[in-house]
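# Summary of the model geometry
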Amino acid sequence: MLRAAKQITRHRGTNERITYLCSKIVTSTSNSYYSTLNQKKYKGGGKSNGWSKYFLAPRGPKGWTIPPSRGYGMIVARVLRGALKLRYILLGGAIGGGVTLNKKYEDWKDGLPDLKWLEEVMPKGEKWTQFSKALAEFGSSVKDVIEIDPRLKQLSEDKIAEWRRWFDTRLDDAIEAADYQGSTLNESKGEIKAKTTVTALSLSNDESRRKYALQSQVENLQTEVINVQIKYQRELEKMEKENRELRQQFLILKQNKKTGTKKIKKSLIDMYSEVLDELTGYDSSYSMADHLPRVVVVGDQSSGKTSVLESIAKARIFPRGSGEMMTRAPVKVTLAEGPYHVAQFRDSDREYDLNKESDLSELRREVEFRMRASVRGGKTVSNEVISMTVKGPGLQRMVLVDLPGIISTMTVDMAADTKDSIHQMTKHYMSNPNAIILCIQDGSVDAERSNVTDLVMQCDPLGRRTIFVLTKVDLAEELADPDRIRKILSGKLFNMKALGYYAVVTGRGRKDDSIEAIRQYEEDFFKNSKLFHRRGVIMPHQVTSRNLSMAVSDRFWKMVRETIEQQADAFKATRFNLETEWKNNFPRLRESGRDELFEKAKGEILDEVVNLSQICAKKWEEALSEKLWDKLSNYVFENVYLPAAQSGSQNSVNTMVDIKLRQWAEQSLPAKSVESGWETLQTQFLMLMEKARKSPDHDDIFDNLKLAVIDEAIRRHSWEDKAIDMLRVIQLNTLEDRFVHDKTEWDHAVKFLETSVKDKLDQTEHTLSEMMGPGQLTRITHWKSLTEDQSKRRHVKHELDKILRTDEKHLPTLSYDELTTVRKNLQREGVEVDTDYIRQTWFPTYRRHFLKQALHRAHDCRKAYYLYTQQGTECEISCSDVVLFWRIQQVIKVTCNALRQQVINREARRLDKEIKEVLDEFSEDEEKKAQLLTGKRVLLAEELIKVRHIQEKLEEFINCLNQEK
């Protein structure tokens, strides 16, 4: 039966095994109960069957016999313990497996590349919406294709199989233990069977729930792994797509760069415009640039000059105003043909798209801003040229200069010389023998009121380079006689001669009209105009802005080809003369411009800053000590030493010294120390610069620049704020020490006291000498005499000396009785003075007396150190002066040490940084460089370099021009 049960159990599922095990447990429990009853029943009365006793007694694993009641309980407890353990083992295994999977997932996730940089290059706006939609479609298409990593799948299956084998083993052991006792047990009652069935079902349900939970956890992990794989695949696809786009952009930029280079090489008008810009910067008077052709647009104010230029450029690029002056400076416009209609200033990289109204508005604002910025010093107009380039399809290549309109009357807001300045500027540009004059005449006003025609006739009387343009013909046709207009356009109304006469319409008086609308209106007007009723008077090529543009461009290039060779030869001659002058004046020097000289001076200045760190510590401390005592000596004598020494007793002297020294260290001493350190740093740096000036390789052309840079850097430099607090702590701690530690320090303090007192005594002697006048010997040898005041001073001093001789320890002030006595004694000698006069003489007299006594005390204290160490403040010889100056000497020593470290570690580096900032600012300021780097050598080198550069550009332009021919 047991063998059959085992076979059945092996072929059954886990739930059936659990049910069978529980039934065996209940059966063994019930049999144990009935066996106990039987034993009690037959106790002492009968003998039990030996076979049954043997059969019912449970046995251990080694065959020993266990008491029946205890054995049954042990079996039940063992089975229940195994069942309870089973739950925790399954739960722990599930948790452990989940933790292991989670750890493996985190390790795999950490191994992924860092994709934070994608945030900077991710598309935004509409592009991101399209991109996200494309990614969503791609994700849906690959969702069914991506497979789970087989290693993860195999790992989960192996773990479940391992748990299943372990559970089967534990279950088989429990069944064998139950079968071992099952042969001796009877069937249980119906109630016990029902309970067993419920228990088995509950255990079966718990196990199924655990298995379901474990399976759900594994499925969740698998789903998360799949999501991560999909996300990683998407990131890889993004990177590949971004890489393709970047490569395409790189190829486009590379191709555009190559194409742009070729266009620049083939663009004659750009090359010619660069030559004019170079010439403009070369000579402010334009004496050389005026010999090169360009189209000069002149006319009365509000005659339509700017509108004509805009019609030629096919864009409304200039600001507009109602009757006020808008053109305040010359505007050089270089027109060139290009695929895109754009505008760009010479000194800017930004391109304005002339097809966009927003860019056009910004361009007009920029032009107006530059014009107003060029006007300085209360002027109304300026000579500074605003250079810009306009490129576009169908534009005629030429260089035009739009000048301020000529005025006949000035308004109150204009400068007094505005009218003359405009006339002078206009004449200057028109006086160029190779300039093409585009004379603009307003057709809506009487021709006799024009001011520009007289100026044009003065500059070009034969009309060989003048093109006459009549604007606002639509208004003129309504207001004037058509025959009069025909006479103007045929050159019969004015004495002014011209190469050609043209009529244009530049608008309908509306600011919002586009160029295309204006051109269309112009064409429609001339098709229906009365000016064409009489044939032969006005030719069709004399009207419209398009014909005017073509005619001006043809004449411009014809003038360029005729004159460019002559200008190149002129520059060759200028270059030869400059090179000859350079060789005669500076034969051993290379011609270096301001920029090159500035860089050389910059290197020398920075080298001197580095040399600050090469100064030895001893030299730093000596310089700092000297500077510091120079700043502190006056305060020490006037506020500490003299008031304390003249106070009286020894105890009061020491107390007053302590109080005053502490106040000094807490208030002004740290700031004075920092000030001394900064001045020492400045002095040492200037000494290094002066030493460099004396070297044989010194170039004095850099002196002005170096001094300006150093002065500006020193003006900006300030010592670190925290240094004051640091010094305050150090100085207070040093002043707390009141005992001289050895004989060497004592001797140094005595020497310091004597030196300081002697210096102060010399100053006092000098003050007395000025008050008393020269001595007898000096008056005899130098033929000098005493003044009345000096004579009085001598009498007063003589009386005061008597007082000091009688009382060598006199107080610093005179009593009232002493003042009265001195006055009466002087009156007997015929000298009348007041008490203030006596006090003024007493102050230096008493100070000299006191300082001499201090010198005597210092001399006595030289050999009193050991007496001082034994008796201290009770010493017979008063040496408090020596102790005071020793304390001050120690403060100076520690302060100089701290300042030296601060200079070397911090302040020299900060000074170097500030000098670099000043040099960078100066390098961008051309006016500053021209002011500081000057002299014949610099000016000649600058001129030679520019002429050489212009000549090279001219030769390059001529070669390209010949190739185009």
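Each value, and the rule that gives it
- Residues numbered from 1 in each chain as written.
- Predicted model: local features only at pLDDT ≥ 70, side-chain atom pairs only at ≥ 80, totals over all residues.
- Heavy atoms only, no water.
- Helix = DSSP H or I, 4+ residues; strand = E, 2+ residues; numbered from the N terminus.
- Buried < 20%, exposed > 50% of the residue type's maximum accessible area, 1.4 Å probe, protein only.
- Contact = heavy atoms within 4.5 Å.
- Areas by Shrake-Rupley, 256 points an atom, 1.4 Å probe, with all protein chains shown as cover.
- UniProt positions renumbered as here; feature names shortened; annotations may be inferred.
- Disulfide = S-S within 2.5 Å.
- Salt bridge = Lys/Arg side-chain N within 4 Å of Asp/Glu carboxyl O.
- Phe/Tyr/Trp six-rings, centres within 6.5 Å; stacked < 30°, edge-to-face > 60°.
- Lys NZ or Arg CZ within 6 Å of the ring centre and 35° of its normal.
- Pairing = 2+ DSSP bridges.
- Axes fitted to C-alpha atoms, helices over the stretch in contact; angles between N-to-C directions.
- Parallel < 35°, antiparallel > 145°, perpendicular 65-115°, else oblique.
- Left-handed = near helix turned anticlockwise from the far one by under 90°.
- Polar contact = N/O pair within 3.5 Å; in protein donor to acceptor, adjacent residues only side chain to side chain.

Looking only at helices and strands, the protein chain features 32 helices and 9 strands. A burial count over the protein chain gives 42% of its 965 residues as buried. Taking contacts inside the protein chain between residues at least 6 apart in sequence as the whole, the part at least 24 apart equals 79%. With the model as given, the accessible surface of the protein chain reaches about 55300 Å², and the carbon-plus-sulfur share is 50%.

Taken from the UniProt record, the annotation "coiled-coil region" (unreviewed entry) applies to residues 218–256 and 901–928. A distance of 36 Å separates the end C-alpha atoms of residues 901–928, which is 96% helix and 0% strand.

The subject of this paragraph is the state of the cysteines. Tallying each qualifying case throughout the model produces 1 disulfide. A sulfur-sulfur distance of 2.3 Å marks the disulfide that ties Cys861 to Cys879. Between Cys861 and Cys879 the sulfur-sulfur dihedral comes to about -105 degrees; the bridge is accordingly left-handed. One end of the pair, Cys861, is in the loop between helix H28 (835–860) and helix H29 (865–871); the other, Cys879, is in the loop between H29 and helix H30 (880–924), with 18 residues separating them in the sequence. For the residue pair Cys861 and Cys879, the accessibility class agrees, reading buried in each case.

With the rule as written, the count across this model stands at 48 salt bridges. When salt bridges with common partners are traced through the structure, they connect Asp658, Arg662, Glu666, Glu736, Arg738 and Arg887 into a single cluster.

Once that is clear, we can look at the environment of His766. Within the secondary structure layout, His766 lies in helix H24 (residues 743–772). On the accessibility criterion, His766 (49% relative accessible area) is partly exposed. C-alpha of His766 to C-alpha of Pro844: the two residues are 78 residues apart in sequence and 9.8 Å apart in space.

So, about the packing of aromatic side chains. Evaluation of the coordinates by the stated rule reveals 19 aromatic pairs. On the numbers, 5.3 Å between centres and 75 degrees between planes, the contact of Phe556 with Trp557 is edge-to-face. Taken individually, Phe556 and Trp557 each receive the classification buried, so the pair is uniform in this respect. When the centroid spacing of 4.8 Å and the interplanar angle of 45 degrees are considered together, the rings of Trp582 and Phe586 count as tilted. Owing to a relative accessible area of 3%, Trp582 belongs among the buried residues under this scheme. Taken together, the ring pairs connect Trp629, Phe637, Tyr641, Phe752, Trp842, Tyr846, Phe850 and Phe885 into an aromatic cluster. Against the face of Phe345 rests Arg370, its NZ or CZ located 4.1 Å from the ring centre.

Sheet strands associate in pairs through backbone hydrogen bonding, adopting either a parallel or an antiparallel arrangement. Read across the sheet, 9 strands follow the order S4-S3-S5-S2-S6-S1-S7-S8-S9 without closing on themselves; strand pairing throughout is mixed. The open sheet has two edge strands, strand S4 (352–353) and strand S9 (500–503), and neither has a second partner. For strand S1 (residues 295–299) and strand S6 (residues 398–402), the ladder comprises 3 bridges, and the chain directions are parallel. Within S6, the residue paired with Val297 across the bridge is Asp402.

With respect to burial, S6 is a largely interior element, 5 of its 5 residues being buried. Both faces of S6 are covered, namely the face carrying Met398, Leu400 and Asp402 and the face carrying Val399 and Val401. In the sheet, strand S2 (residues 331–337) pairs with S6 via 5 bridges, with the strands oriented antiparallel. Bridge pairing in S6 links Thr334 to Val399.

The interhelical angle for the contact between helix H26 (residues 788–806) and helix H27 (residues 816–828), taken along N-to-C directions, is 135 degrees, at an axis separation of 10 Å. Compared by their axis directions, H26 and H27 come out oblique. The handedness of the crossing between H26 and H27 is right-handed. Note on element contacts: H27 touches H26 through Glu818, Val822, Asn825 and Leu826, opposite His795, Val796, Glu799, Leu800 and Ile803.

With that out of the way, let us pick up the packing of H24 against H26. Where H24 meets H26, the axes come as close as 7 Å, and the angle between the chain directions of the two elements is 120 degrees. Between H24 and H26, the angle falls in the class oblique. Taken together, the residues of H26 that come into contact with H24 (itself represented by Glu770, Met771 and Met772) are Gln790, Arg793, Arg794 and Lys797.

Examined against the element boundaries, Arg900 turns out to sit in helix H30. Looking at Arg900, its side chain comes within polar contact range of the side chain of Asn897, at 2.8 Å. Ignoring any residue separated from it by four or fewer positions in sequence, one finds Arg900 in contact with Ala617, Trp620, Glu621 and Leu624.

Turning our eyes to something else, we now look at the pairing of strand S5 (residues 386–392). Sheet faces and side chains relate simply in a regular strand, where the side chains alternate between the two faces. Counting buried positions along S5 yields 5 of 7 residues, so the element is predominantly enclosed. Here strand S3 (residues 342–345) pairs with S5 via 4 bridges, running antiparallel. The residue bridging Phe345 from the neighbouring strand is Met388, located in S5.

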